[in-house]
Amino acid sequence: QVRVVETGGGVVQTGGSLILSCEVSGNVHEITTMAWYRQPLGLQRELVARVTEDGMKCYPRDVPERFTIRRDSTKNAAYLQMTNLGPGDSSVYVCYVDGYTPGLGPGFRIGFDEWGQGTQVTVSS
């Protein structure tokens with residue numbers, strides 16, 4: 001069973017910074033994609049940043065350059081560094097992971113995709 005846990009959220013003043021962490025545990029053979037999404041209250045979930053197994057990063061066009069994703073494959077973890085935060089960045093930030101767990105025999109793998117529970121970021125004005 002694969003588990004995804006986010007930490008690092010909290011309340012920060014406008015102009016402040018936060019680093020969110022996403023850690024994956026369980027019987028994981030390989031993690032391919034790690035990504036951060038956010039879901040402001042009453043709105044749809046939107047992609048913030050994604051990083052692939054080989055380190056390629058992808059940011060949607062409307063995501064500010066204040067956001068940086070980083071991956072530590074040795075720890076099965078990904079981080080989202082956010083700087084110069086504003087009230088519009090307030091949201092639940094959720095980590096998404098996909099990859100493979102070992103299968104029932106040699107050479108077999110089972111694909112998985114998991115979401116974390118999310119961590120709340122609140123930026124006060």
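In the block above lies the structure referred to throughout.
Residues numbered from 1 in each chain as written. Predicted model: local features only at pLDDT ≥ 70, side-chain atom pairs only at ≥ 80, totals over all residues. Heavy atoms only, no water.

(A) Broad picture of the packing of aromatic side chains. Counted under the stated rule, the structure contains three aromatic pairs. Aromatic pair Tyr37 and Tyr96: ring centres 6.4 Å apart, planes at 75°, arrangement edge-to-face. Taken together, the residues span a long stretch of sequence, with Tyr37 in strand S4 (residues 30-39) and Tyr96 in strand S9 (residues 91-102) at a distance of 59 residues. Relative to Trp115, the ring of Tyr37 has its centre 4.9 Å away and its plane inclined at 65°; by these criteria the two rings are edge-to-face. Here Tyr37, found in strand S4, pairs with Trp115, found in strand S10 (residues 109-115); they are 78 residues apart in sequence, far enough to count as distant. (Phe/Tyr/Trp six-rings, centres within 6.5 Å; stacked < 30°, edge-to-face > 60°. Helix = DSSP H or I, 4+ residues; strand = E, 2+ residues; numbered from the N terminus.)

(B) View of the pairing of S10. Inspection of the sheet shows S9 paired to S10 by seven bridges, in the antiparallel sense. Note on S10: the bridge partner recorded for Gly99 is Phe112. Hairpin connection of S9 to S10: six residues between the antiparallel strands, including Gly107 at a positive phi of 85°. (Pairing = 2+ DSSP bridges.)

(C) Summary view of the pairing of strand S3 (residues 18-26). Examined bridge by bridge, strand S1 (residues 2-7) and S3 share six bridges and lie antiparallel to one another. Directly across from Val5, in S3, lies its bridge partner Glu23. Across six bridges, S3 lies against strand S8 (residues 77-82) in antiparallel orientation. Paired with Leu18 across the two strands is Met82, which belongs to S8.

(D) Here's a closer look at the sheet that holds S1. Taken together, four strands build an open sheet; the order of strands is S1-S3-S8-S7 and the sheet is antiparallel. Of all the strands in the sheet, just S1 and strand S7 (67-72) have a single pairing partner and so form its edges. Here the average twist between neighbouring strands, direction ignored, is 15°. Two strands pair when backbone bridges link them, and S7 and S8 are joined in this way by six bridges, in the antiparallel orientation. Bridge pairing links Ile69 to Leu80 in S8. (Axes fitted to C-alpha atoms, helices over the stretch in contact; angles between N-to-C directions.)

(E) Broad picture of the pattern of salt bridges. The full count for this structure, using the stated rule, is four salt bridges. Measuring nitrogen to oxygen at the nearest pair gives 3.2 Å for the salt bridge that ties Arg38 to Asp89. Within this pair, whereas Arg38 is found in strand S4, its partner Asp89 is found in the loop between S8 and S9, the two being separated by 51 residues in sequence. Classification of Asp89 by relative accessible area gives buried; the value is 5%. Note that Asp89 and Arg66 form a salt bridge whose closest N and O atoms lie 3.0 Å from each other. Of this pair, Asp89 sits in the loop between S8 and S9 while Arg66 is found in the loop between strand S6 (57-58) and S7, placing the two residues 23 residues apart along the sequence. Accessibility expressed as a relative area gives 24% for Arg66, which makes it partly exposed. Three or more residues joined by partner-sharing salt bridges are found here, namely Arg38, Glu46, Arg66 and Asp89. (Salt bridge = Lys/Arg side-chain N within 4 Å of Asp/Glu carboxyl O. Buried < 20%, exposed > 50% of the residue type's maximum accessible area, 1.4 Å probe, protein only.)

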